[in-house]
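If you want the building blocks of each chain, they are given just below.
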Amino acid sequence: MASFPDSVNENEIGKAKFIGELLVPVAPFDQKSGRETWTVAFAPDGSYFAWSQGHRIVRLVPWSKCLKNFGGEGSNEAGPLRLSLQNSKGGTVVPVGEPKEHTIDCGDIVWGLAFGSSVPEKQSRCVNIEWHRFKFGQDQLLLATGLNNGRIKIWDVYTGKLLLNLMDHTDIVRDLTFAPDGSLMLVSASRDKTLRVWDLKDDGNMVKVLRGHQHWVYCSAFSPDSSVLCSVGAGKAVFLWDMDKYSLIRKLEGHHNDVVSCEFSPDGALLATASYDTRVIIWDPHMGTVLMELAHLFPPPSPIFAGGANDRWVRSVAFCHDGRHIASITDDRMVRFWTIDEKSPQAIAPLSNGLCCAFSTDGSVLAAGSRDGSVHFWACPKSIASLQHLCRMALRRVMPTQQVQTLPIPPRIRSYLSYQDL
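Since the model is a prediction, treat every value here as computed from it, not as a measurement.

Criteria and cut-off values
Residues numbered from 1 in each chain as written. Predicted model: local features only at pLDDT ≥ 70, side-chain atom pairs only at ≥ 80, totals over all residues. Heavy atoms only, no water. Helix = DSSP H or I, 4+ residues; strand = E, 2+ residues; numbered from the N terminus. Salt bridge = Lys/Arg side-chain N within 4 Å of Asp/Glu carboxyl O. Buried < 20%, exposed > 50% of the residue type's maximum accessible area, 1.4 Å probe, protein only. Pairing = 2+ DSSP bridges. Axes fitted to C-alpha atoms, helices over the stretch in contact; angles between N-to-C directions. Disulfide = S-S within 2.5 Å. Phe/Tyr/Trp six-rings, centres within 6.5 Å; stacked < 30°, edge-to-face > 60°. Polar contact = N/O pair within 3.5 Å; in protein donor to acceptor, adjacent residues only side chain to side chain.

### Section: the environment of I348
Okay, so step 1: Relative to the elements of secondary structure, I348 occurs in strand β27 (residues 347-350).
Okay, so step 2: Each C-alpha atom of the pair I348 and M334 lies 6.7 Å from the other, and the pair is 14 residues apart in sequence.

This is how it looks when you write it as structure tokens:
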């Protein structure tokens, strides 16, 4: 069971509302190994949900269908609905114009996947656009899959057809992330210790190799304005990159074990990183300082013990789109929902063998993948953001910490806008 500070009563922590799960076919010869759901993702426009269900397979499901079967946000009075998709491939009549389900065989174990969209549309940096095989427009939705053999395959979400096959990595492609500006710039993180930048509008041309990690790279994430990339990996590594110059900005120091997951807040003012050292650290990426620690073991282990094996390894962290909620998946069989103004979980729920998590586009649902290839869904704890917080997010989307600190305003307001009061 989870450990919490002495001042926190576990009975006072809310229970996250479980609303459903997606199951996978289970054959008699299936084994545990190879069935892991290493990644889950929502399309930027909220139209699709995708997950790697093991055995080389990625499932693409219209998100509206999931919500309908789950009864909206858990409104099904009969309880959470378990939606099995094992027979949905054949014989299903889909109305014209509605999104279709797809089962994609990627040819190898899928570790990373990400949706990419040309909305808002941004031109490619390549000048030879007349030679391109593909003309990506605003109606295009792509899915990138990172494979065990080091390849990256790019698929058309609407048709399920393979568009590109990228082959420069020499080891597992652990994670993928698209720039949110619609440029279709893709960054891949690999166990070959490199990050690679690809321009899909230039037929998947590899633009740059980012070197600096001394060990495996587990995850990467773009800032909301696409100007900064965070990459995390083994050896306590947290790197920030300038994506205009493709240069290293700084290394963030504070974790005591491998760092396996990262994500920026919607306004870009905060960065969350998850580590095997039992903690999620909330950083100010502009200043490189620690603002808050979310501890999954209390008291926190010393650096020596945090650097070894334990049952509180944090596997994944996700920032909700309201900028206030954070979710974490840990080896102690729990999923936790946090708020940025509390150091104790707001809600918890049981989850065996969880590996990854992601919030839906509107922030109302959390999806979490597990080792058996299934996906579980919870309704995010509801709360109304204050006008202060909404104003802070609006300001921080366009103003870094350094500029906030020079504003001629009272120190208390300056501290609030800088998230110094966490």
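Let's pick the thread back up.
### Here we look at the pattern of salt bridges
Okay, so step 1: A full pass over the atoms with the stated rule returns 11 salt bridges.
Okay, so step 2: For E101, the salt bridge is made with K65, and the minimal N-O distance between the two is 2.1 Å. Note that E101 is positioned in the loop between β6 (81-84) and β7 (102-105) and K65 in helix α1 (residues 63-70), a separation of 36 residues in sequence.
Okay, so step 3: For D332, the salt bridge is made with R312, and the minimal N-O distance between the two is 3.7 Å. Of this pair, D332 sits in the loop between β25 (325-330) and β26 (334-339) while R312 is found in the loop between α2 (303-306) and β24 (314-319), placing the two residues 20 residues apart along the sequence.
Okay, so step 4: D332 gets classed as buried once you look at its relative accessible area, which sits at 9%.
Okay, so step 5: Judged by relative accessible area, R312 falls into the buried class, the value being 7%.
Okay, so step 6: Among the charged side chains, a salt-bridge network with shared partners connects D311, R312, D332 and R336.

### Quick notes on the sheet that holds strand β11 (residues 162-166)
Strand pairing in a sheet is mediated by backbone hydrogen bonds. Such pairs are either parallel or antiparallel.
Okay, so step 1: The strand order across the open sheet built from four strands is β8-β9-β10-β11, with neighbouring strands paired in antiparallel fashion. Of all the strands in the sheet, the pair left with one neighbour each is β8 (110-117) and β11. Strand-to-strand twist in this sheet, taken as the mean axis angle between neighbours without regard to direction, amounts to 20°.
Okay, so step 2: As defined by bridge partners, β8 adjoins strand β9 (residues 141-147) across seven bridges and the pair is classed as antiparallel. Residue pairing in the sheet places F115 in a bridge with L143 of β9.

### Focus on the sheet that holds strand β18 (residues 237-242)
Okay, so step 1: Strand order in the open sheet formed by four strands is β16-β17-β18-β19, with antiparallel pairing between adjacent strands. Unpaired on one side and paired on the other, β16 (217-222) and β19 (247-251) mark the two borders of the sheet. Going from strand to strand, the sheet's axes swing by 25° on average, the running direction of each strand aside.
Okay, so step 2: In the sheet, β16 pairs with strand β17 (residues 228-233) via five bridges, with the strands oriented antiparallel. Within β17, the residue paired with A221 across the bridge is C230.

### A closer look at unusual backbone geometry
Okay, so step 1: Of the consecutive residues F298 and P299, the connecting peptide bond is found in the cis state with omega at -5°.
Okay, so step 2: One can find P299 in the loop between β23 (289-295) and α2.
Okay, so step 3: For H55, which is not glycine, the phi torsion reads 55° and is therefore positive.
Okay, so step 4: Inspection of the secondary structure assignment puts H55 in the loop between β4 (48-54) and β5 (57-62).
Okay, so step 5: Judged by its relative accessible area of 38%, H55 is partly exposed.
Okay, so step 6: One non-glycine residue, S226, lies in the positive phi region at around 70°.
Okay, so step 7: Along the polypeptide, S226 turns up in the loop between β16 and β17.

### Focus on the side chain of S183
Okay, so step 1: Examined against the element boundaries, S183 turns out to sit in the loop between β12 (173-178) and β13 (185-190).
Okay, so step 2: When its relative accessible area of 4% is taken as the criterion, S183 is described as buried.

### Quick look at the environment of F298
Okay, so step 1: Mapped onto the elements of the fold, F298 is located in the loop between β23 and α2.
Okay, so step 2: Judged by its relative accessible area of 39%, F298 is partly exposed.
Okay, so step 3: C-alpha of F298 to C-alpha of T278: the two residues are 20 residues apart in sequence and 9.5 Å apart in space.

### Remarks on the state of the cysteines
Okay, so step 1: With the rule as written, the count across this model stands at zero disulfides.
Okay, so step 2: C230 supplies the cysteine sulfur nearest to C262, a cysteine that is in no disulfide, at a spacing of 3.9 Å.
Okay, so step 3: Sulfur of C356: no disulfide; nearest cysteine sulfur belongs to C357 and is 7.2 Å away.
Okay, so step 4: Overall, the relative accessible area of 6% leaves C356 in the buried class.

### Some points on the packing of aromatic side chains
Okay, so step 1: In total, this model carries 14 aromatic pairs according to the counting rule given.
Okay, so step 2: Residues F49 and W63 carry aromatic rings whose centres are separated by 6.0 Å and whose planes lie at 45° to one another, so their mutual orientation is tilted. One end of the pair, F49, is in strand β4; the other, W63, is in helix α1, and 14 residues separate them in sequence.
Okay, so step 3: For F49, a relative accessible area of 0% corresponds to the buried category.

### Quick notes on the side chain of E21
Okay, so step 1: Here E21 is to be found in strand β2 (residues 17-23).
Okay, so step 2: Polar contacts involving the side chain of E21 include one to the side chain of H376, which spans 3.1 Å.

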